[in-house]
Amino acid sequence: MEENKRNDITTEVEKKRAKELLILLILCCFPLIIITGCGIGNCIQCSNCGDDNTRIFVCAKGTDDNGVEYTSCVGPAGILGCGLNTKCWPTECVSVKKTDSNNTLSGCVTYYNGCGCISKSEVKSVGKYSDTFNCLGVKCSGTEYVETTADTTKATKQNMCLNMSCGEKESVDSPYNYNSSMPRAFTRGCWTSAE
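Residues numbered from 1 in each chain as written. Predicted model: local features only at pLDDT ≥ 70, side-chain atom pairs only at ≥ 80, totals over all residues. Heavy atoms only, no water.

Focus: unusual backbone geometry
Then, in step 1: With phi around 60°, Asn85 is a residue other than glycine that occupies positive phi space.
Then, in step 2: Locating Asn85 in the fold gives a position in the loop between helix 2 (76-80) and strand 4 (92-100).
Then, in step 3: The class for Asn85 is partly exposed, based on a relative accessible area of 34%.
Then, in step 4: The backbone of Asn177 sits at a positive phi, close to 55°, despite the residue not being glycine. (Helix = DSSP H or I, 4+ residues; strand = E, 2+ residues; numbered from the N terminus. Buried < 20%, exposed > 50% of the residue type's maximum accessible area, 1.4 Å probe, protein only.)

Brief notes about the nonpolar core
Then, in step 1: The biggest cluster of nonpolar side chains holds 11 residues, and these are Val68, Tyr70, Val94, Val96, Val109, Tyr111, Tyr129, Tyr145, Ala155, Val172 and Met182.
Then, in step 2: Contributing elements (two or more residues each) for this core: strand 4 and strand 5 (103-112).
Then, in step 3: In this structure, Tyr111 is in contact with Pro90, Thr91, Glu92, Val94, Val123, Lys124, Ser125, Asn179, Met182 and Arg184, ignoring residues within four places of it in sequence.
Then, in step 4: One finds Val58, Cys59, Ala60 and Phe186 within the second-largest nonpolar core, a separate group that totals seven residues. (Core = buried A, V, L, I, M, F, W, Y, C linked by side-chain atoms within 4.5 Å. Contact = heavy atoms within 4.5 Å.)

Okay, here's the thing in structure tokens:
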């Protein structure tokens, strides 16, 4: 009888420890889960970033010389120092916004490197931008522009009506090269600051 009680207590203690270990593991992975939230066309949402042009560990924000407000976040590849050659495992994500009178250009650029070490060389990127015209606070019309840079730069654009796609996607023969002009705060991930 006593032995059964001891076995029950031991089982309860083991279950409790396993549960605590699982919770601890989830809590440890939580920052990485948040950082890898950079899905197709979405930017990592950063908060508690540094002030203008300052960096704190994985996040920075500021305004570049052209008046573009940006928020940069280091992705999982930049944190671990190892790329997987995919935008779903980015080195850095940059959210951008520029407003001129009634026009707003906003977007997200996802930078990623090949496999192996993170470095500034051979950076690939996917940028998705919306250039919208606002009337009375509503996005009346605009254009969605997607730019992919790898060995070459390819771009497409599509008209937007009331924030929805309308018309066919068309190739852009001369890409705007927005991706390469976007400011990056963490060109080598967490390992080295911007050059």
